[in-house]
Amino acid sequence: MQDTKAKILLNERYRQNYFMMRLEAGWEDFVPGQFVMVAVPGGKSFLRRPFGIARLTGEGILEICYKVVGKGTLDLSSVPVGTNLQVLGPIGKGFDISKGTGNISILVAGGYGIAPLLGLAEALVQEEDRSNIHLFYGAQNEEHLLYLDEFKEMGIGLHVATQDGSLGAKGLVTDELKKFLLSTINHQPSTIFACGPHGMLGAIKMIAAKNRNISSCQLSMESYMACGLGVCAGCVVKDSLGNFVRVCKEGPVFEARELSDI
Amino acid sequence: MQDTKAKILLNERYRQNYFMMRLEAGWEDFVPGQFVMVAVPGGKSFLRRPFGIARLTGEGILEICYKVVGKGTLDLSSVPVGTNLQVLGPIGKGFDISKGTGNISILVAGGYGIAPLLGLAEALVQEEDRSNIHLFYGAQNEEHLLYLDEFKEMGIGLHVATQDGSLGAKGLVTDELKKFLLSTINHQPSTIFACGPHGMLGAIKMIAAKNRNISSCQLSMESYMACGLGVCAGCVVKDSLGNFVRVCKEGPVFEARELSDI
Amino acid sequence: MKPNLKVKIGKLELKNPIMVASGTFGYGEEFHKNFYDISKLGAVVTKGISLKPRLGNKTPRVAETASGMLNSIGLQNVGLRAFITEKLPFLQRVHATTIVNILGEKIEDYVELAQTLDEEPGVHAIELNISCPNVKAGGVQFGTDPKLAAKVTSSVKKKIKKPLIVKLSPNYHDMPLMAKHVVDAGADALSIMNTITGMAIDAEKRRPVLANVFGGLSGPAIKPIALRMVCQVYMASKKQRPIVGIGGIMNITDVVEFLLAGSSAVQIGTANFINPTIAADLVDQLEQYMIDHDIADIKELTGGLIV
Amino acid sequence: MKPNLKVKIGKLELKNPIMVASGTFGYGEEFHKNFYDISKLGAVVTKGISLKPRLGNKTPRVAETASGMLNSIGLQNVGLRAFITEKLPFLQRVHATTIVNILGEKIEDYVELAQTLDEEPGVHAIELNISCPNVKAGGVQFGTDPKLAAKVTSSVKKKIKKPLIVKLSPNYHDMPLMAKHVVDAGADALSIMNTITGMAIDAEKRRPVLANVFGGLSGPAIKPIALRMVCQVYMASKKQRPIVGIGGIMNITDVVEFLLAGSSAVQIGTANFINPTIAADLVDQLEQYMIDHDIADIKELTGGLIV
Ligand SMILES: Cc1cc2nc3c(=O)[nH]c(=O)nc-3n(C[C@H](O)[C@H](O)[C@H](O)COP(=O)(O)OP(=O)(O)OC[C@H]3O[C@@H](n4cnc5c(N)ncnc54)[C@H](O)[C@@H]3O)c2cc1C
Ligand SMILES: Cc1cc2nc3c(=O)[nH]c(=O)nc-3n(C[C@H](O)[C@H](O)[C@H](O)COP(=O)(O)OP(=O)(O)OC[C@H]3O[C@@H](n4cnc5c(N)ncnc54)[C@H](O)[C@@H]3O)c2cc1C
Ligand SMILES: Cc1cc2nc3c(=O)[nH]c(=O)nc-3n(C[C@H](O)[C@H](O)[C@H](O)COP(=O)(O)O)c2cc1C
Ligand SMILES: Cc1cc2nc3c(=O)[nH]c(=O)nc-3n(C[C@H](O)[C@H](O)[C@H](O)COP(=O)(O)O)c2cc1C
Ligand code: FES
Ligand code: FES
């Protein structure tokens, strides 16, 4: 982990109120699922804001994808290219790919949860047979889907669901996941990697608990953060023993069965 | 007085750490010596910042000239052209030209105090014989002199003093003023209009008090301001009766003899 | 349907719960002349009035802080006589609902001020500023001694017919206790809160920024503290009196937060300096907020916090 | 010549006056591993330690406010045993000057904690966090009752040899009085101040943002209040004890302001979250400041305010 002054190379509206930002971080390595804490200029955001790492290129260029939901993300969206931002990262425990070796890899994303899964998919295709990698991706409608071309190019299995049916199946992506698990691969060992809204993660935990072939179900959690350093104990969630664990240190990725809060 | 959302048309370093800003205020009229309160973006400046009006063109374009001295003026200097700023004004009681009609007009400026005197000179040349208008202008060195070309073009008497002698006389502008008063015009009724640092204004008040030909000595005062509206009583100075008067309402321009604080 | 924004402070009914705070609105003239019809406001609370005119403190009197400001105006005001002859007629002419904030150095001062103002038809209610030193008690602030606060409240209450609001000082630590004393002594409503004592230092000059050394902190910086005090008093008080929430309100969300915490009305203070039309804007925005959120009566918001 | 940055807190000499505040630095590991050698700091004040491990409050536990934040961590910590076996050895190994912040539910807790830690060679001083409810006295905070605060101070002081710092709560209104009680009871130094109780409300959800409803306000928003309290205590105290100034320090100017107001040392709290290297940076910047301003000894700054 380091705190880097990174120049903004790109900060553009991607789709709807999702923005893409690229920063010259100069970092060498990261684990998909890790995140960064960004200091937001403009004076209205006192604390840094956490965002998942979408990608980190060989040249050390960091990519994040953020949705404008409040004052911090709104201010961020108007910071001009060329500005230096203070970026702390990579933070936390990412996805554990090793647990999925040989398994079917099932990626499940909702909303901006797609961002860390992009980095994860890029890592997985290096190690696994593409046909054994499946992305389940849910969104409000077609317009809210991000990185689709990138995933298509990878040649992995794509399962899209939109609430209005404008692309892919109509409905919840977790329903698609259920169908998929019932049919195709119900006898193959699988690993789930999921990132998205709390409700979606809860549904996935239930699905995984009922399916004996899912040896690992890794959920990327969110919570309110102050430090991102593991020192304030602000970001905790409850583990299966009833202890509070820090999302920024023991997480953000947890084994579903090790969490009790969800 | 009105509170206007005004687009920045120009925001450039003029000289040294003096900046010039032009704003599309759309205002129709002002009295030289009046000022504005500017809301500074960037989140570090909670209160608005007061700046004298340098000029207001026929098209309603407002010009101010500011020196970077702290966090607010620093933030202001990096606001890009095209941004809208909230500008309150014109505020206060400006110079009273009528008192000087027929008199020799003596303008005295130090530092950014030159800004409101530009507007004043532009008004005076409409009414008076240019040869009866004199500007005394003091600065650290040549590099700190502003608007010199504009004043030259007006064809008024120019008396410059710099501390290092890089342009004009070497020393204090108030010494030049003293010499001038002793020699040339010591029998002609004169009006002084001054804007600049507190110490300079104090010296001018003394000079005026000793010279019976100076019928009016108008000083533009500064003080810490919160509202600029005349309601907080934060900006007061003491008048000759010992009462506190508001710089933003009864001022910023006062008759020297009506002030006791200086 | 047009939502109902009316609120009651004792017997006084206000058009809406948006008032402006004492000391941040002068006597209303500047705002009325330059910006908007001040009769639109729930009430105008005047600059604090004392028996005799007060000169106030030396300058500098104001300093900026992170998301706030300090002031040590020293309660400069025109005094009771000039207020009645020079300021009140204007407020009356423009039909402003006028609450006069009063301050004294001893209980007798408060009583005399209140009694005189009680007779004035242009005055609709009286707000007691008890964040002042009591010269008779060695300079301890009325507002930091519950018994003293109760005493000044009951002394004034006995002599007036108009609603009496007591404005509490956050410089006392136990707000519910203070509130109880003051309510038992007869306050019709509580204003919570005044500024918090603070200071600013000029590191280069090695001097306090304010000539008075200490000053009162206001603005968004103190909002979390003010919200907490309103909420604590609201939750603790059995004999419920309307609370007027004050502290760092800058926008409609802040207004709603203060209402939810237990306020019946709010006062806009320092925000008037940042945006001179804010109080009038908030009256419109509050009505719109109620329409958007399907709230028929503003009272539904007061204390509506789910805890 | 190299200026002298050393300061004394009781018998303990610190390399420099820059400490980090309890609860904002964990037990030092994260900063040492990722950012800088923490032995560079005047002292590390640990997260508050209780006899038994504490789970802490429900989430959300943190909320942002204007120029500040609220926390209701609920004093989650590993407990005395785990602190001594798992955390202290690290601090000792990296030669960090370690001040342990302790908290209890009754006086006996504080005494037991302090006595145990007094025996540990890795512990250099003890900081008493008295902003905790006393379960034996119906939940009233030790820090809002001068007598109770004095009692816990003297009870601990009698049993330990290491310097005892008492950390005052701003939720009591009369700081000089509180300071006097605590100093008379034997405190070697005073930390001023802890967080101020506040709250945040989510207007849309109509709920408090914090699961615990109330939380402690920290950050630049409270700096003017903290500076005032330091200054008041410094000016009022006859039996002068070193003051450790805390509250909203973000940069070197803030540090100098706290020293001028009367602090002998300072603690950097929330700023560690905003800029993880700030405390180490400030050690260098303070030395540079002294060189630039021709200050040979840091003590020249303490209380150097011209009033
Ligand atoms: C580990 C982690 C990774 C994240 N990755 C991404 C990402 O890749 N892209 C992205 O767009 N967002 C991501 N987020 C969420 C993002 O941090 C918040 O949306 C952002 O901080 C909101 O800031 P704001 O100032 O715009 O919103 P605010 O004005 O602070 O709040 C707006 C609304 O969002 C809610 N909110 C704010 N912060 C959080 C939070 N931390 N958890 C839950 N609710 C919150 C508030 O309650 C409020 O309702 C991530 C969060 C975490 C903890
Ligand atoms: C009526 C009036 C007209 C003015 N006209 C101009 C102008 O035309 N051009 C111009 O450059 N400046 C002008 N000023 C001064 C200008 O307002 C301040 O320089 C500015 O507000 C400083 O803001 P800052 O945030 O950069 O400084 P801060 O960070 O707030 O302070 C930096 C330093 O400046 C001092 N300072 C700040 N504000 C004031 C003040 N109001 N009075 C005295 N000292 C202060 C502080 O004590 C500090 O030492 C005027 C001031 C007044 C009252
Ligand atoms: C410049 C100034 C002057 C004030 N004068 C008074 C006063 O005379 N009487 C009073 O009761 N409160 C006075 N106050 C306090 C305000 O009425 C209000 O309680 C406080 O500022 C908190 O609200 P805010 O954060 O919205 O400003 C004053 C505040 C300011 C900023
Ligand atoms: C997340 C957090 C946790 C804290 N935990 C403790 C604690 O355990 N014990 C304590 O005495 N103070 C604790 N504090 C208070 C700080 O030590 C400090 O007094 C306060 O935050 C003010 O300083 P600041 O504005 O620099 O943060 C905590 C503060 C924060 C923000
Ligand atoms: S955000 Fe501070 S411990 Fe996780
Ligand atoms: S700045 Fe408020 S009265 Fe002048």
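Predicted model only: the values in this text are computed from it and were never measured. (Residues numbered from 1 in each chain as written. Chains lettered and ligands numbered in written order. Predicted model: local features only at pLDDT ≥ 70, side-chain atom pairs only at ≥ 80, totals over all residues. Heavy atoms only, no water.)

**A word on the packing of helix α2 (residues 79-93) of chain C against helix α3 (residues 107-118) of chain C**
Residues and elements named next belong to chain C.
Move 1: Where α2 contacts α3, the axes come no closer than 11 Å and their chain directions differ by 15 degrees. Put simply, α2 runs roughly parallel to α3. In terms of crossing hand, the pair formed by α2 and α3 is right-handed. Where α2 abuts α3, its residues Leu 80, Arg 81, Phe 83 and Ile 84 lie against Leu 113, Thr 116 and Leu 117.
Move 2: Of the residues contributing to the contact of α2 with α3, the split by class is five nonpolar, one polar and one charged. (Axes fitted to C-alpha atoms, helices over the stretch in contact; angles between N-to-C directions. Helix = DSSP H or I, 4+ residues; strand = E, 2+ residues; numbered from the N terminus. Parallel < 35°, antiparallel > 145°, perpendicular 65-115°, else oblique. Left-handed = near helix turned anticlockwise from the far one by under 90°. Contact = heavy atoms within 4.5 Å. Nonpolar A, V, L, I, M, F, W, Y, C, P; charged D, E, K, R; others polar.)

**Considering the interface of chain D and chain C**
Move 1: Listed per partner, the contact involves 45 residues of chain D and 45 residues of chain C.
Move 2: Approximately 3600 Å² of surface area, both sides summed, lies buried where chain D meets chain C, with 68% of it carried by carbon and sulfur atoms.
Move 3: Of all residues in chain D, His173(D), Ile201(D) and Arg206(D) bury the most surface against chain C, accounting for 19% of the area lost on that side.
Move 4: The tally of links from chain D across to chain C stands at zero salt bridges.
Move 5: Of all the elements in the fold, those that place two or more residues in the side of chain D that touches chain C are β11 (196-199), β13 (207-208), β14 (214-218), α6 (223-236) and α7 (252-261) of chain D.
Move 6: Ranked by residues supplied to the side of chain D that touches chain C, first place goes to α6(D) with seven residues.
Move 7: Within the side of chain D that touches chain C, the residues separate by chemical class into 27 nonpolar, 11 polar and seven charged. (Buried area = accessible area lost by both parts, 1.4 Å probe. Salt bridge = Lys/Arg side-chain N within 4 Å of Asp/Glu carboxyl O.)

**A few points about the site of ligand 3**
Residue and element names in this part refer to chain C.
Move 1: The environment of ligand 3 is made up of 23 residues, and the closest members are Ser 22, Lys 167, Gly 219, Gly 248 and Thr 270.
Move 2: Between an oxygen atom of ligand 3 and a main-chain N or O atom of Gly 48, the distance comes to 3.2 Å.
Move 3: Contacts to ligand 3 include Lys 167, whose side-chain N or O atom sits 2.7 Å from an oxygen atom.
Move 4: Notes on ligand 3: free accessible area 600 Å², of which the protein chains cover 98%.
Move 5: A per-class count over the shell around ligand 3 returns six nonpolar, 15 polar and two charged. (Near = heavy atom within 4 Å. Polar contact = N/O pair within 3.5 Å; in protein donor to acceptor, adjacent residues only side chain to side chain. Areas by Shrake-Rupley, 256 points an atom, 1.4 Å probe, with all protein chains shown as cover.)

**A word on the relation of the copies chain D and chain C**
Move 1: Superposing chain D onto chain C takes a rotation of 180 degrees plus a shift of 0.0 Å along the axis, which leaves an RMSD of 0.0 Å. Such a combination of turn and shift is consistent with a two-fold rotation axis.
Move 2: In this assembly the copies share their binding face: 100% of the residues contributing to the interface of chain D also contribute to that of chain C. (Least-squares fit on C-alpha atoms with pLDDT ≥ 70 in both.)

**Focus: the sheet that holds strand β15 (residues 243-246) of chain C**
All names here are of chain C.
Move 1: Strand order around the closed barrel formed by eight strands is β3-β4-β7-β8-β9-β10-β15-β16, with parallel pairing between neighbours. On average, adjacent strands in this sheet sit at an angle of 25 degrees to one another, irrespective of strand direction.
Move 2: Relative to strand β8 (residues 125-129), strand β7 (residues 98-102) is paired through four bridges, and the arrangement is parallel. Pairing of Ile 102 across the sheet is with Leu 128, part of β8.
Move 3: Contacts from helix α4 (residues 146-159) reach β8 and β9 (164-168) within the one sheet, and its direction differs from that of β9 by about 165 degrees. (Pairing = 2+ DSSP bridges.)

Geometric descriptors of this kind do not, in isolation, establish any biological role.
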